[in-house]
Amino acid sequence: MSLIVKICGLSTPETLDVALDAGADMVGFVFFSPSPRHLSLELGRELGKRAKGRAIKVALTVDADDATLANIVEALAPDILQLHGKETVARLRDIKQAFGLPVMKAIAVETAADLAALPGYAAVADRILFDARAPREATRPGGLGAVFDWHVLEKLDLKLPFMVSGGLNAGNVAEAVRVTRAGGVDISSGVERAAGVKDPELIRAFIRAARATEELMVR
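Focus on the sheet that holds strand S8 (residues 184-187)
Strand pairing in a sheet relies on backbone hydrogen bonds, with the paired strands running either antiparallel or parallel.
In step 1: Strand order in the closed barrel made by the 8 strands is S1-S2-S3-S4-S5-S6-S7-S8, with parallel pairing throughout. Strand-to-strand twist in this sheet, taken as the mean axis angle between neighbours without regard to direction, amounts to 25°.
In step 2: When strand S3 (residues 56-61) meets strand S4 (residues 80-83), the two strands line up parallel, connected through 4 bridges. Paired with Thr61 across the strands is Leu83, a residue of S4.
In step 3: Sheet contacts for helix H4 (residues 89-99): S4 and strand S5 (103-109); angle to S5, the most-contacted strand, approximately 160°.

Shown next as structure tokens:
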């Protein structure tokens, strides 16, 4: 099974094209105002049209209400909703029912105890994303470049597809996949030269490294 590579937080036509041309399977768009990668609905609409049919479009939201989600869905026409806040299992179920879209739930990880809520989410979500837990003082839950202890996931028995995120880069993605056996990797700040500013060469290098990891998995 091939490794899914997601480039998240894309915010310009130029860097979106780089990610698509380099072979990203998923492209993520952030709709959360505290983030330096936050998109307006207008720009989301433009980028969504540009990505259509070329990769899976992911809308990242944080504890968004139905009205906000409706506006995002109308503008971006995403293929999947990434819920990166404190959404409950019941909220996931309601969102799936209301919008008829697959959902990917982000779970913040620091220790094995953080996996306690996993069975409930796994029963409803279509995909799980394990990300590093943000520091208490952080203004947003992800995109901070922090790495968590991948060994927490080492003996994970999860039937659902899952991805890992948090502090990944071209140099450590192979080890992350080896330890976690994740089916996908997700990167944002690791392909930036400044917060919210994607670097084309870093995007290409990460996707190359992820594809090389994939080849090792097959052997």
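Past the structure itself, the notes keep going.
Let's talk about the nonpolar core
In step 1: Counting 60 residues, the largest nonpolar core has Ile7, Val27, Phe29, Ile128, Phe130, Val185 and Phe206 as the members making the most contacts within it.
In step 2: Here this core takes 5 residues from helix H7 (residues 200-218), the largest share from any one element.
In step 3: The next biggest cluster of nonpolar side chains, apart from the first, holds 8 residues, and it includes Val58, Met104, Ala106 and Met163.

Digging into the packing of helix H3 (residues 66-76) against H4
In step 1: Orientation of H3 relative to H4, taken along the N-to-C sense of each, is 45°, at an axis distance of 12 Å. When the interaxial angle is binned, H3 and H4 end up oblique. For the crossing formed where H3 meets H4, the hand is right-handed. Judged by residue contacts, Asp66, Leu69, Ala70 and Val73 of H3 engage Arg91, Ile95 and Phe99 from H4.
In step 2: By residue class, the composition of the contact of H3 with H4 is 5 nonpolar, no polar and 2 charged.

Overview of helix H2 (residues 41-51)
Quick reminder: α-helices carry 3.6 residues per turn. Residues three or four places apart thus point the same way.
In step 1: Taken as a whole, H2 has its buried residues at Gly44, Leu47, Gly48 and Ala51. Angularly, the buried residues of H2 cover 105° about the axis, an arc narrow enough to put them on a single face. When the buried face of H2 is taken as reference, the exposed residues oriented beyond 90 degrees from it are Glu42 and Lys49.
In step 2: Taken together, the buried residues of H2 touch helix H1 (13-21), strand S2 (26-30), S3 and H3.
In step 3: A positive phi of about 80° marks Gly53, the residue just after H2.

Side note on the side chain of Thr213
In step 1: Mapped onto the secondary structure, Thr213 falls in helix H7.
In step 2: Assessed through its relative accessible area of 4%, Thr213 is described here as buried.
In step 3: Apart from the residues lying within four places of it in its own chain, the contact partners of Thr213 are Val173, Ala174 and Val177.

Focus: the packing of aromatic side chains
Each aromatic ring pair is specified by the distance between its two centres and by the angle formed by the two planes.
In step 1: For the structure shown, the criterion picks out 1 aromatic pair.
In step 2: Between the aromatic rings of Phe130 and Phe162, the centroid separation amounts to 5.6 Å while the plane-to-plane angle is 75°, which identifies the pairing as edge-to-face. Of the two residues, Phe130 is situated in strand S6 (residues 127-132) and Phe162 in strand S7 (residues 162-165); the sequence distance between them amounts to 32 residues. Take Phe130 and Phe162: they sit in the same class, and that class is buried.
In step 3: The lysine or arginine in question, Lys105, covers the ring of Tyr121, its NZ or CZ lying 5.3 Å from the ring centre.

Quick notes on the rules
- Residues numbered from 1 in each chain as written.
- Predicted model: local features only at pLDDT ≥ 70, side-chain atom pairs only at ≥ 80, totals over all residues.
- Heavy atoms only, no water.
- Pairing = 2+ DSSP bridges.
- Helix = DSSP H or I, 4+ residues; strand = E, 2+ residues; numbered from the N terminus.
- Axes fitted to C-alpha atoms, helices over the stretch in contact; angles between N-to-C directions.
- Contact = heavy atoms within 4.5 Å.
- Core = buried A, V, L, I, M, F, W, Y, C linked by side-chain atoms within 4.5 Å.
- Buried < 20%, exposed > 50% of the residue type's maximum accessible area, 1.4 Å probe, protein only.
- Parallel < 35°, antiparallel > 145°, perpendicular 65-115°, else oblique.
- Left-handed = near helix turned anticlockwise from the far one by under 90°.
- Nonpolar A, V, L, I, M, F, W, Y, C, P; charged D, E, K, R; others polar.
- Arc of directions from axis to C-beta.
- Phe/Tyr/Trp six-rings, centres within 6.5 Å; stacked < 30°, edge-to-face > 60°.
- Lys NZ or Arg CZ within 6 Å of the ring centre and 35° of its normal.

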